[in-house]
Amino acid sequence: MFSNRLRIDIEMDTLRISLLSILLLLCCYAPIGEAKYLKYKDPNQPLNVRIHDLMQRMTLEEKIGQMVQIDLTVATPEVLKKYFIGSLLSGGGVVPAPRASAETWVNTVNGLQNGSLSTRLGIPMIYGIDAVHGHNNVYNATIFPHNVGLGATRDPLLVRRIGEATALEVRATGIPYVFAPCIAVCRDPRWGRCYESYSEDYKVVRAMTEIIPGLQGDIPTGFPKGVPFVDYGTKVAACAKHFVGDGGTHKGINENNTIIDYHGLLSIHMPAYYDSVIKGVSTIMVSYSSWNGKKMHANYDLVTKFLKNYLKFRGFVISDWQGIDKITNPPHANYSYSVQAGVHAGIDMVMVPYNYTEFIDDLTYQVENNIIPMSRIDDAVRRILRVKFTMGLFEHPLADLSLAHLVGCKMHRELAREAVRKSLVLLKNGQSPEEPLLPLPKKTPTAILVAGSHADNLGYQCGGWTMTWQGQGGNNITSGTTILDAIKATVDPTTNVVYTENPDLDYVRDGSFSYAIVVVGETPYAETAGDSLNLTIPYPAPTTIQNVCSAIDCVVVLISGRPVVIEPYVPVMGALVAAWLPGTEGQGVADVLFGDYGFTGKLPRTWFKTVDQLPMNVGDENYDPLFPFGFGLTTQPVNAR
């Protein structure tokens, strides 16, 4: 009896030990998220505690993966999982499908995000997109005026509201990160990106950084300076670009050399970055350009010493598209050197849209061989994780369709229409102040002639960075209102509107028109493709202006991303309006032409007489413009007639 009981007790003890061993083994081999409490997954833990806890669990492979941003065209859930990719982007015009709906976008982003969430540590990726004047890659989204037009409004609160609307439309498609705003100070209109700049005056650009709290939300009281802040849900992480001096290149040549002393760089091109950091901007993109011959992508003194150490920027620094490749000339000539120089300079996330394995292999080799110190990798990853934690990605990595109805909604289009109205700059109004041509009468005894290549072309009035990188002409690119349709909707129902794109002189003289509206300008472009040494209006615009305006009273509405050569044509014009690149809401142009609202816009740029004067900016010696910086005639609203 006793021996049997002893035997049973021994067997029970053995069973308990076996069960305990099995439990211990299960704990060891269980998925890490179920094995024990993880501080980095706890939103109640302090930010730095979460970052530290996660980083001490990460391998070198996982850390380097966080530093990589690849394009949608090469991304799959399997790629994200295998290489621990930290970020994706849609390059200009890269979409999940033609005319993709908000649902298609959300499903695409979520499907890729699930690849990141299935990794060992489940670190979510961050998806970025160029939303530089609204959600400009997305069909049916609201397209606001480009920055040069917003600079003409001198209205930071309007720009803030545009940031809020843009954030909502971007979030509606499942995307939490935008490559905006561009805070370049364009000092030469020959630059192909000048329309992305609010002004030649750094004070105007500084004021327009108010778009950042519009995109990201208001920083809470007492929030530490330089730490990124994104109010989760309806806001997105912003990106101030392009650091620094991109608007000051020699002759306005894109990606070229900005020749200026240190004081000039800090006083003209840097101030908007002070404001952006104070306002909690999450990321800053480095410029392709050079400063006094030194590539910004390799400039340790400005990226690390000044931006990170002096300005106390705590978000992450991102390269431009294949930006480190361009450290050498020709690009990619010595890639190992480019990786070393770019990462050493302080770039945390590298936009390597296609050849990501090459970058990963190169950077891994350099860290393992002590060419790049581990401390530099840790700094980069810490910053990337800080942004991801502060924007709530760990708690809410997947998007839903709750905001889908806001893409291109009426409220946002009305805001864009308001922005168009306020952006218009009236440069001439009648042959004398006593006989103004504007506002135009809505009811006329004879027909109104509308002419010009840009009057009935939605793509032209939106410009570059609209549905595609370079932009395109036509009325099928997205939904919106052309200036011609806006004119027809505004005039009295009894008034006949006749549209002829390029009428000859005899047609105009024989038409018995009361007056004419001529809408001409630049065709769409982006970046280097927009660089121009002559800044002339494309043919047949000069002929159209001459034929129409020499025969009858005419107002010329100029669609352009910058001042262009117009001095030879101004005498024949009855009135001249700089409408910049107004976007999808052409009704805003008609609102002001016909007097429902008054002209209030002021030139954000000096309007030169000839290109031989360039570069010419307000405050320069021998300043002799056609229209000076800040110029803009005003009119008063009138009752509809």
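All figures in this text were calculated on a predicted structure; none of them were measured in a lab.

Regarding its fold elements, the chain presents 22 helices and 17 strands. Relative to the 2.2 N^0.38 estimate, which gives 26 Å for 641 residues, the radius of gyration of the chain is 28 Å and therefore close to what a compact globule would have. Here the chain, with 641 residues, has 60% of them falling under the buried criterion. Considering only contacts in the chain between residues 6 or more positions apart, those separated by 24 or more positions represent 77%.

Right, let's get into the packing of helix 11 (residues 262-269) against helix 12 (residues 271-278). Helix packing for two helices is described by the angle between their axes and how far apart those axes are. Running from N to C, helix 11 and helix 12 cross one another at 50°; their axes reach a closest spacing of 4 Å. One element, helix 11, and the other, helix 12, form an angle in the oblique class. Across the interface between the two elements, Leu266, Ser267, Ile268 and His269 from helix 11 touch Pro271, Tyr273 and Tyr274 from helix 12. Of the residues that constitute the contact of helix 11 with helix 12, the class distribution is five nonpolar, two polar and no charged.

Mapped onto this numbering, the UniProt entry annotates "domain: Glycoside hydrolase family 3 N-terminal" (unreviewed entry) at residues 59-387. Structurally, residues 59-387 comprises 40% helix and 10% strand, and the distance from its first C-alpha atom to its last is 20 Å.

We now examine the pairing of strand 13 (residues 448-451). Across the two faces of strand 13 the burial is the same, with Ile448 and Val450 and Leu449 and Ala451 all buried. Bridge analysis of strand 13 against strand 14 (residues 497-499) gives three bridges, and the strand direction is parallel. By the bridge assignment for strand 14, Val450 is matched with Tyr499. As paired strands, strand 13 and strand 15 (residues 515-521) are joined by four bridges and run parallel to one another. Considered in strand 15, the bridge of Val450 is made with Ile517.

Taken as a whole and judged by the stated rule, the model has 14 aromatic pairs. Aromatic side chains Tyr262 and Trp291 sit 6.0 Å apart centroid to centroid with 40° between the ring planes, which places their arrangement in the tilted category. Of this pair, Tyr262 sits in helix 11 while Trp291 sits in strand 8 (residues 290-291); the two residues are 29 residues apart in sequence, bridging distant segments of the chain. On the basis of relative accessible area, Tyr262 is assigned to the partly exposed category, the value being 44%. Geometrically, the ring pair formed by Tyr507 and Phe513 is tilted, given 6.0 Å between the ring centres and 45° between the ring planes. In this structure Phe513 comes out as buried when scored by relative accessible area, which is 11%. A cation over an aromatic ring shows up here: Lys326 above the ring of Tyr288, its NZ or CZ 4.2 Å from the ring centre. Arg421 extends its terminal NZ or CZ atom over the ring of Tyr597, reaching a point 3.8 Å from the ring centre.

So, how was this worked out
- Residues numbered from 1 in each chain as written.
- Predicted model: local features only at pLDDT ≥ 70, side-chain atom pairs only at ≥ 80, totals over all residues.
- Heavy atoms only, no water.
- Helix = DSSP H or I, 4+ residues; strand = E, 2+ residues; numbered from the N terminus.
- Rg over C-alpha atoms; globule rule 2.2 N^0.38 Å.
- Buried < 20%, exposed > 50% of the residue type's maximum accessible area, 1.4 Å probe, protein only.
- Contact = heavy atoms within 4.5 Å.
- Axes fitted to C-alpha atoms, helices over the stretch in contact; angles between N-to-C directions.
- Parallel < 35°, antiparallel > 145°, perpendicular 65-115°, else oblique.
- Nonpolar A, V, L, I, M, F, W, Y, C, P; charged D, E, K, R; others polar.
- UniProt positions renumbered as here; feature names shortened; annotations may be inferred.
- Pairing = 2+ DSSP bridges.
- Phe/Tyr/Trp six-rings, centres within 6.5 Å; stacked < 30°, edge-to-face > 60°.
- Lys NZ or Arg CZ within 6 Å of the ring centre and 35° of its normal.

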